[in-house]
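Structural overview
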Amino acid sequence: MNLSRPARLLLRLALAAGLAVIYVPLAVVLLNSVNADRTFGWPPAGLTLRWWGAAWASSGVREALWTSVRAGLGATAIALVLGTMAAFAVQRHRFFGRQAVSLVIILPIALPGIVTGIALNNAFRTVLEPFGVGLGLFTVVVGHATFCVVTVYNNVLARLRRTGIGLEEASADLGAGPFTTFRLVTFPLIRSALLAGGLLAFALSFDEIIVTTFTAGAGVRTLPIWIFENLFRPNQAPVVNVVAAALIVASLIPVYLAQRLSSDVGTH
Amino acid sequence: MRRIGSALAAAALALAAACGGTTPTTGAPAPGQSGFVPPRLSAPQALGTGEGQVDLVAWAGYVEDGSNDPKVDWVTPFEQETGCQVNVKVAGTSDEMVALMRTGQYDAVSASGDASLRLIAAGTVAPVNTSLIPNYTDVFDGLKSKPWNSVNGVPYGVPHGRGANLLMWRTDTVRPAPDSWSVVFDPNSPYKGKVTAYDSPIYLADAAVYLMATRPDLGIRSPYALDDRQFQAAVDLLKQQKQVVGEYWSDYTKEIQAFKSGDSVVGTTWQVIVNVAKSERAPVEAVLPKEGATGWSDTWMVAARAAHPNCAYRWLDWIISPTANAQVAEYFGEAPSNAKACAETADPQHCATFHATDEAYFSKVHYWTTPIAQCLDGRTNVTCKDYAAWTRAWTEIKG
Amino acid sequence: MSRAGAFLHRRAGVRLALLLSAPLAWLGLAYLGALAALLVTAFHSVDTFTGTLNRTFTWANFLDLATGEVYRTIVLRSVGVALAVTAIDLVVAFPMAFAMAKLAGPRTRRWLVIAVLTPLWASYLVKAYAWRVMLSSGGLLGWGFGLTATVLTLAYLWLPYMILPIYAGLERLPGSLLEAAGDLGARSWQVFRTVVWPLTFPAVIAGSIFTFSLSLGDYIAVKIVGGRSQLIGNVVYDNIGAAGDLPFAAAVATVPVVVMLGYLAAVRRTGALESL
């Protein structure tokens, strides 16, 4: 596109300014993680590594992190399966109500989290409790998977639309069954779309708090729930900043790897 | 605080419901005396050997095993001493507590005043034989056989601790030092925009406490038993107050920040917030105003169908033992229930700071309880506003 | 296996049924069923002392909702906040996404995407508290708390959800198309108006679904930076939390559902639903 020099400059400035807006609060988080003040008053009264030590020693943080990872992986796995199936159905078939399928898949993310949260909470209690099954990690996974399906679905759908079915037909003509074709032809085609969708699904699940609040059993603490609880404890609030700061740094690894693995990640 | 307890899992509102009891000092009959008849259940006469485990439902911060902070741990010593492995479910609200206890999968619960009555009425919890709990002897008399932990003199649990909702102000801006809630209810307050109030429907009770002192014509006997006219007066007072409020607070961190930065200069608080704010050199003071105040007190109760009753009784005894009670009171920021705990606190001033032994102080506290349609003050000729009505009114007050 | 495969290959209908069964059972039956059950609950009432549901049909909850002036105010305020957040995010995100997709080289682009994705991993609550610290008196900004603070905080929290779809939409836009338009003598503004905007519009709408719905359902950020304000999410939460009044909470929850369904219906034809 033949943009004028001032226009290019302006756009680059907008990008830089936008990134600054994104990163200033994160810098505040980082600074607060070494803020000597227990309620992170501003400006910091002094600097300390005490909270990093406390976070390292806290088994609650580790347990919550592990719970979040399990919930995220479980939800992502379900989303990958359901999202891919739905995408194939919609892209490769013509049927009545095709539009409605898209709508149903989008609905859980489009409706406010509190609605999804109380609807699922209500349903779980009605349906599961008679069987003696209470809310737990399982219900969190179900809740998260519900709104994560859409990210996989859309990524796979976009990929299928772009690739067409020529290769698969060729494979079938050469005598490969549908399962062989899927394994050798289709799957490699959609692999990076699965990665992109899966990564976003995991991220959505990892920082979700509202649906989690309503679907977690009383003893199940994901990281956001742990953070929520600890923001209200006298000596724990600064530890929360440490956890967030550490997460930002740690998150660079999976995001970067995903970027390396697929040229077009980042598209939803 | 309890508040913290609830705050965590749910927002602070939940807490509101979470805590409390009726006001023992007004001499008003408890619902137990005025209304429901609890199912006939009996307490054990003797204890056997421990079952090897105990399943608890508790507020956050009540059952700490060192996983949040290695230094905060009164569960491990209990397990070593009794051989009872502790499994805890942290509940966020009283509703959740009641629901969890109804599943029958738990042995004991740290119930707040509102939940305790519901548990007793439904037969979910049994009377407690306090002679099997040696440490019960040392519990403050001001906490024994109260309307929220007993029915007609039969105890249904052991008291965990207590606290009051105080009035805090910044000494550099609020002069003279206030001794009345009027400073937060005055529509022409010089501190307009810097007044803060607790963000929960239960805050209506604070308004009712103030009205008890300033509007005797309303005839309010308990701030948790408000008929239509009394309720409307409290709602009007809070609507008027909203004009001078800068921020409603619901969590600990939020309020301390606001007072340190000066965004808030006067409003309700908890003792533990005062302590932390002071330790961070914020110029604040707090007082129990002359009109009295709201507060909270929780009770450990044993399930009627407890699978591990022996371990449950040992836990009840443990949590009110001087050492553990001191630890939990200090961690949570409240007054211990065991008089001997005062000698065990890490901070020798803890009991003095939290007025643990000051019965005159706590006689001015109206412990939190969830209002129900049946008036908690014993009136039978009118219906009172229940908590659902309080919640809707709170929405309307905030606008 | 191979016989089943051959069967599947021939029978498109069976294949379709197999593909659709699991997703539809999960989302169509379970999720929609849960929503429907919630809607039904809105017509019941509850005994708040015993917590038992009274399943007698009643319009009472909806009547209260419709006649309470305060609820109208809160609904309008919540929709206003969601719209403001969406508008701010659009204005901030579009130039950023454009610069990322069309001005940066492939290598830089990769890093820019990472830079935009990273904040998603820092906890929502921690970021909201960071804003509280910045907005409080004596903080970096010191603008104080209230509705404006809530809008700013939410706009910040949801910004990546707007940038990513727009970026993806722009990336799909062939550079040759833009150049062709330019070669034909169109000025930058004209190219934007006639080519770029129409083609990326579905992506913009996709982003707006995120920002709008996330804002509409929020009840936590407003508690942290909202001063004395409240949104529709708070009303739902307050009624279900301590009061245990699920029927009324369910009735209130139908409001954002209706708003979102209306929004989705309005944008369905843009193709945005497939760009999320």
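All of these numbers come straight from a predicted model, not from anything done at the bench.

Rules and cut-offs
- Residues numbered from 1 in each chain as written.
- Chains lettered and ligands numbered in written order.
- Predicted model: local features only at pLDDT ≥ 70, side-chain atom pairs only at ≥ 80, totals over all residues.
- Heavy atoms only, no water.
- Helix = DSSP H or I, 4+ residues; strand = E, 2+ residues; numbered from the N terminus.
- Buried < 20%, exposed > 50% of the residue type's maximum accessible area, 1.4 Å probe, protein only.
- Contact = heavy atoms within 4.5 Å.
- Areas by Shrake-Rupley, 256 points an atom, 1.4 Å probe, with all protein chains shown as cover.
- Rg over C-alpha atoms; globule rule 2.2 N^0.38 Å.
- Lys, Arg positive; Asp, Glu negative; His and termini not counted.
- Charge placed at Lys NZ, Arg CZ, Asp CG, Glu CD.
- Buried area = accessible area lost by both parts, 1.4 Å probe.
- Salt bridge = Lys/Arg side-chain N within 4 Å of Asp/Glu carboxyl O.
- Polar contact = N/O pair within 3.5 Å; in protein donor to acceptor, adjacent residues only side chain to side chain.
- Nonpolar A, V, L, I, M, F, W, Y, C, P; charged D, E, K, R; others polar.
- Domains from an automatic or database assignment.
- Disulfide = S-S within 2.5 Å.
- UniProt positions renumbered as here; feature names shortened; annotations may be inferred.
- Phe/Tyr/Trp six-rings, centres within 6.5 Å; stacked < 30°, edge-to-face > 60°.
- Lys NZ or Arg CZ within 6 Å of the ring centre and 35° of its normal.
- Pairing = 2+ DSSP bridges.
- Core = buried A, V, L, I, M, F, W, Y, C linked by side-chain atoms within 4.5 Å.
- Patch = residues over 30% accessible without salt bridge, like charges linked within 9 Å, V, L, I, M, F, W, Y side chains within 5 Å.

**Quick look at the overall build of chain B**
The helix and strand inventory of chain B stands at 16 helices and 14 strands. Looking at chain B as a whole, 67% of its 399 residues are labelled buried. Considering only intrachain contacts with a sequence separation of at least 6, the fraction spanning at least 24 residues in chain B is 76%. Summing over all exposed atoms, chain B offers an accessible surface of approximately 12500 Å²; the carbon and sulfur share of this is 49%.

**Some thoughts on the overall build of chain C**
Secondary structure summary: chain C contains 12 helices and two strands in total. Along the chain direction, N to C, the helices and strands of chain C fall in the order α-α-β-β-α-α-α-α-α-α-α-α-α-α. A compact globule built from 276 residues would reach a C-alpha radius of gyration of about 19 Å, whereas chain C, at 23 Å, exceeds it by more than 25%. Of all 276 residues assigned to chain C, the portion counted as buried reaches 58%. Excluding contacts between residues fewer than 6 apart, the proportion of contacts in chain C whose partners are at least 24 apart in sequence is 67%. Total accessible area on chain C stands at roughly 10700 Å², and carbon and sulfur atoms take up 66% of it. Computed over 20 positive and 11 negative side-chain charges, the separation of the two mean positions in chain C equals 11 Å.

**A closer look at the interface of chain C and chain A**
Interface extent is often summarised as the accessible area lost during association of the parts. Between chain C and chain A, the residue contacts involve 96 residues of the former and 91 residues of the latter. Interface of chain C and chain A: buried area, both sides summed, is about 8700 Å²; carbon and sulfur atoms make up 79% of it. Of all residues in chain C, C:W26, C:Y31 and C:W121 bury the most surface against chain A, accounting for 10% of the area lost on that side. Linking chain C with chain A are zero salt bridges. Linking chain C with chain A are nine residue pairs in polar contact (both at pLDDT 80 or more), by the criterion used here.

**Some thoughts on the side chain of B:K254**
Along the chain, B:K254 falls in helix 10 (residues 252-261). For the buried B:K254, no salt bridge is present, and the opposite-charge side chain at shortest range is B:E247, 4.6 Å distant. If sequence neighbours within four positions are ignored, B:K254 has contacts with B:E247, B:Y248, B:W249, C:Y129, C:R132, C:K223 and C:I224.

**Structural notes on the pattern of salt bridges**
Under the definition given, this model contains 19 salt bridges over all chains. B:R215 is paired through a salt bridge with B:D217; the nearest N and O atoms lie 3.2 Å apart. A salt bridge links B:K278 to B:E285; the shortest N-O distance between them is 3.3 Å. The structure contains a network of salt bridges with shared partners spanning A:D37, B:K260 and B:E280.

**As for the interface of chain B and chain A**
Each partner contributes residues to the interface: chain B has 29 residues there, and chain A has 26 residues. Approximately 2300 Å² of surface area, both sides summed, lies buried where chain B meets chain A, with 50% of it carried by carbon and sulfur atoms. For the pair chain B and chain A, the interface holds one salt bridge. Between A:D37 and B:K260 there is a salt bridge, with its nearest N and O atoms 2.3 Å apart. Linking chain B with chain A are one residue pair in polar contact (both at pLDDT 80 or more), by the criterion used here. Sorting the residues of the side of chain B that touches chain A by element identifies helix 1 (2-9), strand 2 (85-90), helix 5 (94-102), helix 10 and helix 11 (271-279) of chain B as the ones contributing at least two each. Residues belonging to the side of chain B that touches chain A are distributed by class as follows: 14 nonpolar, eight polar and seven charged.

**A look at the domain arrangement of chain C**
Domain assignment breaks chain C into domain 1 (2-41) and domain 2 (68-274). Measuring from the centre of the C-alpha atoms in domain 1 of chain C to the corresponding centre in domain 2 of chain C gives 32 Å.

**A short note on the environment of A:F138**
Residues and elements named next belong to chain A. Locating F138 in the fold gives a position in helix 6 (residues 137-163). Take F138: its relative accessible area is 54%, and that puts it in the exposed class. Separated by 62 residues in sequence, F138 and T76 place their C-alpha atoms 13 Å apart.

**Brief notes about the side chain of B:Q271**
Here B:Q271 shows up in helix 11. When near neighbours in sequence (up to four residues on either side) are disregarded, B:Q271 contacts B:L166, B:T353 and B:F354.

**What to know about the state of the cysteines**
Residues and elements named next belong to chain B. Under the defined criterion, the tally for this structure stands at three disulfides over all chains. Note that C84 is cross-linked by a disulfide to C311, the S-S spacing being 1.9 Å. Its S-S torsion of about -80° marks the bond between C84 and C311 as left-handed, since a negative value means left-handed. Note that C84 is positioned in the loop between helix 4 (76-82) and strand 2 and C311 in helix 12 (residues 309-319), a separation of 227 residues in sequence. Relative accessible area serves as the criterion here: at 0%, C84 is assigned to the buried category. Disulfide pairing is shown between C342 and C351; the S-S distance is 2.0 Å. Negative torsions about the S-S bond denote left-handed disulfides, and the value of about -85° found for C342 with C351 makes this one left-handed. Each of the two residues, C342 as well as C351, counts as buried. The connectivity of the disulfide-linked cysteines in chain B, indexed sequentially, is 1-2, 3-4, 5-6.

**Considering the UniProt feature "transmembrane region" (unreviewed entry) in chain C**
All names here are of chain C. Look at the UniProt record and you will see "transmembrane region" (unreviewed entry) annotated at residues 12-40, 74-99, 111-131, 143-170, 191-212 and 246-266. Counted over residues 74-99, helix gives 100% and strand 0%. Its end C-alpha atoms are 38 Å apart. A helix fraction of 100% and a strand fraction of 0% characterise residues 246-266, whose end C-alpha atoms lie 30 Å from each other.

**Concerning the packing of aromatic side chains**
Aromatic ring pairs: the centre-centre distance and the angle between the two ring planes describe each pair. Residues and elements named next belong to chain B. Taken as a whole and judged by the stated rule, the model has 39 aromatic pairs over all chains. Taking the centre distance of 4.9 Å and the plane angle of 70° together, the rings of W249 and W270 count as edge-to-face. Of this pair, W249 sits in strand 9 (residues 245-249) while W270 is found in strand 10 (residues 266-270), placing the two residues 21 residues apart along the sequence. Here the two residues W249 and W270 agree in accessibility, since each one is buried. A network of ring pairs unites the aromatic residues F78, W300, W315 and W318 as a single cluster. The side chain of R162 reaches across the aromatic face of F362, ending 4.1 Å from its centre.

**What to know about the pairing of strand 1 (residues 53-58) of chain B**
Residues and elements named next belong to chain B. The buried count for strand 1 comes to five of six residues, which makes it a mostly enclosed element. Both strand 1 and strand 2 contribute to a ladder of six bridges, which runs parallel. Bridged to V54 within strand 2 is V86. Strand direction decides the pairing type here: strand 1 and strand 3 (residues 108-111), joined by two bridges, are parallel. Counted as the bridge partner of L56 is A108 from strand 3.

**Overview of the nonpolar core**
Ranked by internal contacts, the top residues of the largest apolar core, which has 172 residues, are A:I227, C:L125, C:I163 and C:L170. Looking at this core, the element that brings in the most residues is helix 4 (residues 69-103) of chain C, giving 16 residues. The residues that make up this core include at least three from each of domain 1 (2-41) and domain 2 (68-274) of chain C. Setting aside anything within four residues of it in sequence, one finds C:L170 in contact with C:F94, C:A97, C:F98, C:A101, C:K102, C:V196 and C:T200. With 127 residues, the next largest nonpolar core counts B:V57, B:L218, B:M301 and B:I397 among its residues.

**What to know about a nonpolar patch on the surface**
A surface patch of nonpolar side chains, about 390 Å² in accessible area, is lined by A:V24, C:L140, C:L141 and C:W143. By secondary structure assignment, the location of C:L141 is in the loop between helix 6 (124-135) and helix 7 (147-172). Using a relative accessible area of 30% as the deciding quantity, one classes C:L141 as partly exposed.

**Thoughts on helix 11 of chain B**
All names here are of chain B. The complete set of buried residues in helix 11 reads Q271, V272, I273, V274, V276 and A277. In this structure, the buried residues of helix 11 make contact with strand 7 (158-170), strand 9, helix 10, strand 10, strand 11 (284-287) and helix 14 (350-353). One or two steps after helix 11, the chain reaches R281, where phi turns positive at roughly 65°.

**Topic: the environment of C:L147**
All names here are of chain C. Here L147 is to be found in helix 7. Note: C-alpha distance between L147 and G227 (80 residues apart in sequence) is 7.6 Å. Aside from chain neighbours lying at most four places away, what touches L147 is R77, V81, G226 and S229.

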